[in-house]
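Spelled out, the chains give:
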Amino acid sequence: MSKTVSNDPYIEGESDDLIELDSLEDISISLQTEQSKAKRRKTSNIWGFFEMVPNSDNSDGKPRAKCKMCGATYLVVSKYGTENLKVHIETCPRRNSRDIGQLMLCQNSGSMLVSASKFAKRYRELWVEAILKHDIPFQSVECSGIRAAFQYLRPDVPLISINTIKADLVKMYHRERKRVKCMLNDVPGRISLTSNLWTSINTDSYMCITTHFLDKNWVLQKRVLNFSIMPPPHNGISLSEKVYNLLCKWGIENKIFILTSDNASSNDVSVEILRTQLNSKKALICDGEFFHLQCCAHILNLVVQDGLKEIDCAIQKVRDSIKYVKGSETRKQKFLYAINQMSLDSKKGLRQDVPTRWDSTFLMLESALFYRRGFCHLELTDSNFKHCLSTSEWDKVEKISTLLAAFYDATCDFSGIKYPTANLYFPAVFMIYLILKRQCESEDDCMRKMSYQMLAKFEKYWSEFNVMLAIAVILDPRYKLQFVEFSYKKLYGNSSQEYLHVRAKLASFFMEYSSGTPTSSASERNVCRDVEEAEFRSFSGMTRIMKEFDSFQTDDLAANMQKNQLELYLDEPRADRNANLDILDFWKGNEFRYPDLANMARDILSVPVSTVASESFFSVDGRIIDQFKSALKPDIIEALVCTRDWLYGDQVESEEMKLDELIEDILEVDINKSKKETPLPLQVL
């Protein structure tokens, strides 16, 4: 029996359901396709730099891949492969040049062919970056052992000479210099500078200029401009000419705000000449009245050194006591036993100072006071210990330590480079001034004499301090103008001329930034009042009184409307003084509320109150120009120091010798070593 084939696309099944044959075939094919796609893996190395975009994010529903570095998306079509993705990786603007993985796209996978020239270029760049980041000597590129190690990984690795790597360093320096120059040109506010001089091991003098500014996101930035050789003479004329030519070379001579330098007399002369040159171009705010700022950390150091010239015998006894404990391992063990008996923590550490650094002396006194009872117990258990202080001497050491603590805390605050320091100056210096005045009335002759010497030096610099630093604390919402008024009232009494001087300078400085209409002057208001009174006299009865009321209301409203941004800011209540407030975040959030005042705050808060930023590069350069590298040319030294800062900045930990490394903790005792070094008793024969 033959079966009849129907042309109808629908057939009748056992369950009387109609099944569309064409749809059934399409479903089968699509399922097979999806299964094959699910099983297929992305084997290309290019997928290390791209990721697939979810279909929900594509308006057209076509598959796309997004670059992990810059976010650019590209269409992914199987018949075209990944060629468009490879081309993008070659030209990606956010490509991380320090990623070695980009050189590991091997030829065997067929994903990307890295030409020999490109590989050699990138290989040399990696060498330059390693030299910059880790202070590797240039001779390392020619070491046979290092070459053998790289050739083991890749036989065709190119051989590099010292001259080649130096030339590559100079090329990288010029490339990064262009980038930094564009960054400085885009700075929304003004730029502050720090400068310093340094003499290398081969008696060559170098000048370092560092810029400080706030970028568009209110982030404090620091970039070194130069580290160039400074031939003699080092007088004011030569220094000013060097700095001015450098500013013109970078194209920022019209954006300078303040220059911070140390207290050398040659710097004072150079600043005056530089001020005149910049004022001729009308490039400075307020005709350069606030242009120069002396290093505040240096000033505090001079003040303390004057006070410690005639050091008290009690401090010398503390130093002798620590030297005695340090004398042998046996004495250390006895002292450790003494502090354990007194239930003191040995991890605190007992520090020995460096006599030329007063801050180390302060830390020595602080640690000795902590182990005060341990020294007293050691005196009872060790008959050879003759340097223990009496009760009155310990009290005197405590007073000296308390006095130095204010200077130490202020110096640490002023030496920061990752946060604004201008707003920290006035509160710290006010407390120091107040403490010195009170110590001058002390009954202790030693403390009174020391305080008089320190106060005389302090007042010399206090009378010449930059008013800009008082304005900086006014811009701190935790202090404002009330703190300046409170401070001068404590120091000089009511209605002091110093406070009135700060208020006048604040108003005149704000007018340099103000873009609005200034408040009417007193003479203008008097003229208006005379005109109104003449008009009122011409009226009669109720009309004149009502006009007077209208005038009173209008004047009141006008007074409120004529308040400028500075007055509105000062009228607001202060923030909590103990609040953990980020002053940069505060002004970033109020940038549109007080636009002119925020521009003024941007410039002032970027001012560094110390030259620590410039001095830190001398520490870096001291490692570069050591006895093994003293033959480096000045242009190579400048390229090393500047490019290191521009590429890495704060990413590389500064290897500057810290104070904790200078003052030894004498309680760090190796028990096993002490046992081995203890001589055995002589055997009786």
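Residues numbered from 1 in each chain as written. Predicted model: local features only at pLDDT ≥ 70, side-chain atom pairs only at ≥ 80, totals over all residues. Heavy atoms only, no water.

Turning to the overall build of the protein chain, a few remarks are in order. Looking only at helices and strands, one finds 27 helices and ten strands in the protein chain. Per-residue burial for the protein chain yields a buried fraction of 43% across its 685 residues. The long-range share in the protein chain, meaning contacts at least 24 apart out of those at least 6 apart in sequence, stands at 70%. (Helix = DSSP H or I, 4+ residues; strand = E, 2+ residues; numbered from the N terminus. Buried < 20%, exposed > 50% of the residue type's maximum accessible area, 1.4 Å probe, protein only. Contact = heavy atoms within 4.5 Å.)

Moving on, we get to the sheet that holds strand β9 (residues 256-261). Pairing is mixed across the open sheet formed by five strands, whose spatial order is β8-β7-β6-β9-β10. Both outer strands of the open sheet, β8 (220-229) and β10 (292-294), are each paired with one neighbouring strand and no more. Mean inter-strand twist for the sheet, computed between neighbouring axes without regard to direction, equals 25°. Summarising the sheet, strand β6 (residues 191-199) and β9 pair through three bridges and their orientation is parallel. Across the sheet, the residue bridging to L193 is L259, located in β9. (Pairing = 2+ DSSP bridges. Axes fitted to C-alpha atoms, helices over the stretch in contact; angles between N-to-C directions.)

Let's shift gears to the pairing of β9. Burial runs high along β9: six of the six residues are buried. Sheet topology places β9 next to β10; three bridges connect them, and they run parallel. Looking at β10, one finds that S261 is bridged to Q294. Remark: the β9/helix α7 (residues 265-280)/β10 crossover connection has right-handed handedness. (Right-handed = clockwise from strand over helix to strand, strands pointing away.)

This part takes up helix α6 (residues 236-250). With 15 residues, α6 should cover 21 Å at 1.5 Å per step; its first-to-last C-alpha distance of 21 Å lies within 8% of that length. Among the residues of α6, those classed as buried are G236, S238, L239, S240, V243, Y244, L246, L247 and W250. G251 occupies a position one or two residues after α6 and carries a positive phi of about 75°. (Expected span 1.5 Å × (residues − 1).)

For β8, the tally of buried residues reaches eight of ten residues, placing the bulk of the element in the interior. With nine bridges connecting them, strand β7 (residues 205-214) and β8 associate as antiparallel partners. Within β8, the residue paired with Y206 across the bridge is I229. Counted between consecutive antiparallel strands, the loop separating β7 from β8 contains five residues, among which W218 sits at a positive phi close to 60°.

To continue, consider the packing of helix α13 (residues 391-414) against helix α14 (residues 422-439). Interaxial distance between α13 and α14 falls to 10 Å at its minimum, and their mutual angle equals 165°. In this view, α13 runs roughly antiparallel relative to α14, as classed from their interaxial angle. Where α13 crosses over α14, the two elements pack in a sense that is left-handed. On α14, the residues that touch L403, A406, F407, A410, D413 and F414 of α13 are L424, Y425, A428, V429, I432, I435, L436 and Q439. Here the residues of the contact of α13 with α14 sort into twelve nonpolar, one polar and one charged. (Parallel < 35°, antiparallel > 145°, perpendicular 65-115°, else oblique. Left-handed = near helix turned anticlockwise from the far one by under 90°. Nonpolar A, V, L, I, M, F, W, Y, C, P; charged D, E, K, R; others polar.)

Before going further, it helps to examine the side chain of D382. With respect to the helices and strands, D382 occurs in the loop between α12 (372-381) and α13. Here D382 sits buried without a salt bridge, and the closest side chain of opposite charge, K334, lies 4.2 Å off (N-O distance). Setting aside its immediate chain neighbours within four residues, D382 contacts Y324 and K334. (Lys, Arg positive; Asp, Glu negative; His and termini not counted. Salt bridge = Lys/Arg side-chain N within 4 Å of Asp/Glu carboxyl O.)

Two elements in contact, α6 and α7, have axes separated by 8 Å at closest approach and are oriented at 45°. Classified by the interaxial angle, the pair formed by α6 and α7 is oblique. For α6 against α7, the interelement crossing comes out right-handed. When α6 is examined against α7, the residues G236, I237, L239, S240, V243 and Y244 are found in contact with a partner set consisting of S266, N267, V269, S270, I273, L274, Q277 and L278. The residue inventory of the contact of α6 with α7, partitioned by class, reads eight nonpolar, six polar and no charged.

Glancing now at a nonpolar patch on the surface. Together, F150, Y152 and L153 line one region of the surface with nonpolar side chains, adding up to about 400 Å² of accessible area. Summarising the element assignment, F150 is placed in helix α4 (residues 144-153). Judged by relative accessible area, which is 31%, F150 ranks as partly exposed. (Patch = residues over 30% accessible without salt bridge, like charges linked within 9 Å, V, L, I, M, F, W, Y side chains within 5 Å. Areas by Shrake-Rupley, 256 points an atom, 1.4 Å probe, with all protein chains shown as cover.)

Tracing the chain through its elements places F291 in the loop between α7 and β10. Between the alpha carbons of F291 and N466 there is a distance of 9.0 Å; along the sequence they are 175 residues apart.

This next bit is on the confidence of the model for the protein chain. Of the residues in the protein chain, 75% reach a pLDDT of 70 or more, and the chain-wide mean stands at 78. Low pLDDT, under 50, characterises residues 1-25; the predicted model gives this stretch nine contacts beyond four residues in sequence or across chains. Considering only residues more than four positions removed or in separate chains, one finds that residues 669-685, a stretch of pLDDT under 50, has seven contacts. (pLDDT = per-residue confidence, 0-100.)

Here the focus is the sheet that holds strand β3 (residues 50-52). Hydrogen bonds between backbone groups are what pair the strands of a sheet, and the pairing can be parallel or antiparallel. One open sheet accounts for three strands, arranged β3-β4-β5; its pairing is antiparallel. Of all strands in the sheet, those bounded by a partner on one side alone are β3 and β5 (73-75). Pairwise comparison of adjacent strand axes, ignoring direction, gives a mean angle of 35° for this sheet. The sheet contact formed by β3 and strand β4 (residues 64-67) spans three bridges and is antiparallel.

Next up on the list: the pattern of salt bridges. For side chains bearing opposite charge, pairing can occur when the charged atoms are close. Under the counting rule described, the total for this entry stands at 23 salt bridges. Its salt-bridge partner being E51, residue K66 comes within 3.8 Å of it at the nearest N-O pair. One end of the pair, K66, is in strand β4; the other, E51, is in strand β3, and 15 residues separate them in sequence. Given a relative accessible area of 32%, K66 falls into the partly exposed group. R478 is paired through a salt bridge with D476; the nearest N and O atoms lie 2.9 Å apart. Residue R478 is classed as buried on the basis of its relative accessible area of 15%. Its relative accessible area of 1% is what places D476 among the buried residues.

This next bit is on the nonpolar core. The biggest cluster of nonpolar side chains holds 102 residues, and the ones touching the most others in it are F375, F407, F426, F509 and W587. Excluding anything up to four places from it in sequence, F426 contacts W462, F465, L469, A470, V473, F483, V484, S487 and Y488. One finds I131, L184, L225 and W646 within the second-largest nonpolar core, a separate group that totals 54 residues. (Core = buried A, V, L, I, M, F, W, Y, C linked by side-chain atoms within 4.5 Å.)

By secondary structure assignment, the location of S496 is in the loop between α17 (480-492) and α18 (497-513). Sequence separation between S496 and E485 is eleven residues, and the spatial gap between their C-alpha atoms is 8.8 Å.

Following P232, the chain continues into P233 via a peptide bond in cis, with omega recorded as 5°. Residue placement: P233 occurs in the loop between β8 and α6. The backbone phi angle of W218 is positive, close to 60°, even though this residue is not glycine. Structurally, W218 can be placed in the loop between β7 and β8. Residue class for W218 comes out buried when judged on its relative accessible area of 3%. Not every positive phi belongs to a glycine, and S343 is a case in point at roughly 60°. Following the sequence through the fold, S343 ends up in the loop between α10 (329-341) and α11 (358-370).

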